[in-house]
Each structure stands twice: as C-alpha cells, then as structure tokens.
Amino acid sequence: MDYGQLMKEAIEARKAAYIPYSGFGVGAALLDSKGQVHHGCNVENAAYSPGNCAERTAMFRAIADGHRPGTFQAIAVVADTEEPVAPCGVCRQVLLELCGPDMPVILGNLKGDIRQTTVRELLPYAFGPSHLEEQK
Ligand SMILES: O=c1ccn([C@H]2C[C@H](O)[C@@H](CO)O2)c(=O)[nH]1
Ligand SMILES: [Zn+2]
C-alpha cells in the first residue's frame, strides 16, 4: 500500500473521532507487517486528561489485536489543519516504543498536503527502551 492510500485510510478513520470538547478530529492509519491497516481516532473525555489521541488509539488497537512492537511499516495521521498535523509529545514517545525510530510517519491535512518524516526526526535525543536495557 502506498502512503497516499494510507492517508486515505486515516481520513476514513477520522470520521469516528469522538470530539465533543475540542471539535478537533484526528485520524490515524497504522500499516502492519502483512499490509493490513489499523484505524485510530481521538476519543475525548469530560475530565479531559483521560482522552486518547488518534495515533495511540491505532497503535494500542493493533497491539491489542496481537501485533508486536517493531513490526509496523508506517503510520499516517490527518486533521483539518493549515499545515500537515504533527503527533503530540506523548504519541511520539509511544511511537518510539511500539514502532521504533526508523518507521516512516506520514503527516497530512484534509487539503491533501503530505509530509513524510520518521519517529527519530519527531523525537530526537529520545529516552527509549534501549536505555533500560543498559541497566540489566
Ligand atoms: O496529533 C494529534 C494532536 C491532537 N490530537 C487530539 C487530542 C485531542 O482530542 C484533540 C485536541 O488536542 O486532538 C490527536 O489525536 N492527535
Ligand atoms: Zn498524541
């Protein structure tokens, strides 16, 4: 699947966003090792902090379905923004843990602008699983 198609999946995923507080819908589409796509949307909460971003929804869904960390090919993220939307800091940390530093991250908006980056570029000088390995 090409990244344009993955972005279309993210646009589809965004339709399920539960956003009564911000009105800011985000969609994510995570491509697994077999070419299957896992959708995620943001899910908000009246207490605000329990809300979850689209990117983490997609990753947690795939992990819960049995896919293992480090086996994903790419993730696309989309929102109705002027510039392609970028994942928040918390999602960047989870992307590092579950997708690794070299996985492509495709950022987009509803106008069709697309930017391709990597987890490493989004989270330089990261603290990650390898640092805990050093303690063993
Ligand atoms: O990359 C992003 C940025 C924000 N949000 C969500 C969190 C919240 O529900 C709303 C406003 O921040 O958008 C995401 O899902 N992904
Ligand atoms: Zn986030």
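No experiment lies behind these values; they were computed from the predicted model shown.

Got a sec to walk through a nonpolar patch on the surface? Specific residues and values, please.
There is a patch of nonpolar side chains on the surface, built from Y18, Y21, V43 and Y48 and spanning about 440 Å² of accessible area. Looking at the element boundaries, Y48 is found in the loop between β2 (37–41) and α2 (54–64).

Before we move on, could you go through the sheet that holds strand β1 (residues 26–31) and cite the residues and values that matter?
Here five strands make up an open sheet; going across it, the order is β2-β1-β3-β4-β5 and the pairing mixed. What marks the edges here is a single partner per strand, and that holds for β2 and β5 (114–118). Strand after strand, the sheet turns through a mean of 20° between neighbouring axes, direction not considered. Bridge analysis of strand β4 (residues 104–109) against β5 gives five bridges, and the strand direction is antiparallel. By the bridge assignment, G108 is partnered in β5 with I114. Helix α1 (residues 3–14) rests against β1, β2, β3 (74–79), β4 and β5 of the sheet, and its axis sits at about 50° to β3.

Outline the coordination of the zinc ion (ligand 2), supporting the account with residue identities and numerical values.
When four donors bind a metal tetrahedrally, each ideal donor-metal-donor angle is 109.5 degrees, and when six bind octahedrally, the ideal angles are 90 or 180 degrees. At the metal site, the zinc ion (ligand 2) is ligated by C53 (SG), C88 (SG) and C91 (SG), and these contacts range over 2.2 to 2.4 Å. In the primary structure, the donors to the zinc ion (ligand 2) are separated according to the pattern C-x34-C-x2-C. In this pair, C53 sits in the loop between β2 and α2 while C88 sits in the loop between β3 and α3 (89–99), placing the two residues 35 residues apart along the sequence. Residue classification places C88 among the partly exposed positions, given a relative accessible area of 29%.

Summarise the site of ligand 1; cite the residues concerned and give the values.
Residues in contact with ligand 1, as listed here, are S22, F24, V26, N42, E44, C53, A54, E55, A86, P87 and C88. Contact distances for ligand 1 include 2.5 Å between an oxygen atom and a side-chain N or O atom of E44. A86 is positioned such that a nitrogen or oxygen atom in its backbone is 3.2 Å from an oxygen atom of ligand 1. Calculation on ligand 1 without its partners gives an accessible area of 370 Å², and the protein chains cover 75% of this total. Its residues assigned to classes, the shell around ligand 1 comprises seven nonpolar, two polar and two charged.

Describe the UniProt feature "domain: CMP/dCMP-type deaminase" (unreviewed entry) in the protein chain, listing the residues and the values that go with them.
This chain's UniProt record puts "domain: CMP/dCMP-type deaminase" (unreviewed entry) on residues 1–130. What you have in residues 1–130 is 31% helix and 22% strand, and the ends, taken at the C-alpha atoms, are 30 Å apart.

Residues and numbers for the environment of E133, please.
With respect to the helices, strands and loops of the structure, E133 is situated in helix α5 (residues 129–133). Taking the C-alpha atoms as reference, E133 lies 31 Å from H39; in sequence the two are 94 residues apart.

Could you give me a rundown of the nonpolar core, with the residues and numbers involved?
Formed by 23 residues in total, the largest nonpolar core has its most connected members in L30, M59, I75, L95, C99 and M103. Listing elements by their share of this core, those giving two or more residues are β1, α2, β3, α3, β4 and α4 (119–122). Looking at this core, the element that brings in the most residues is α3, giving five residues. With sequence-adjacent residues up to four places away left out, L30 is seen in contact with Q36, V37, H38, A58, M59, A62, F72, A74, I75, C99 and M103. Core analysis: the next-biggest nonpolar cluster, separate from the first, contains nine residues, M7, A76, V78 and I106 among them.

Explain the pattern of salt bridges residue by residue, including any values.
Counted by the stated rule, this structure contains five salt bridges. In this structure, the salt-bridge partner of E82 is K111, at a minimum N-O distance of 3.1 Å. Placement of the pair is E82 in the loop between β3 and α3 and K111 in the loop between β4 and β5, with a sequence separation of 29 residues. Via salt bridges that share partners, E82, K111 and D113 belong to a single interconnected network.

The rules behind these values
Residues numbered from 1 in each chain as written. Chains lettered and ligands numbered in written order. Predicted model: local features only at pLDDT ≥ 70, side-chain atom pairs only at ≥ 80, totals over all residues. Heavy atoms only, no water. Patch = residues over 30% accessible without salt bridge, like charges linked within 9 Å, V, L, I, M, F, W, Y side chains within 5 Å. Areas by Shrake-Rupley, 256 points an atom, 1.4 Å probe, with all protein chains shown as cover. Salt bridge = Lys/Arg side-chain N within 4 Å of Asp/Glu carboxyl O. Helix = DSSP H or I, 4+ residues; strand = E, 2+ residues; numbered from the N terminus. Pairing = 2+ DSSP bridges. Axes fitted to C-alpha atoms, helices over the stretch in contact; angles between N-to-C directions. Contact = heavy atoms within 4.5 Å. Donors = N, O, S within 2.8 Å, 3.2 Å for Na, K, Ca; no water. Buried < 20%, exposed > 50% of the residue type's maximum accessible area, 1.4 Å probe, protein only. Near = heavy atom within 4 Å. Polar contact = N/O pair within 3.5 Å; in protein donor to acceptor, adjacent residues only side chain to side chain. Nonpolar A, V, L, I, M, F, W, Y, C, P; charged D, E, K, R; others polar. UniProt positions renumbered as here; feature names shortened; annotations may be inferred. Core = buried A, V, L, I, M, F, W, Y, C linked by side-chain atoms within 4.5 Å.

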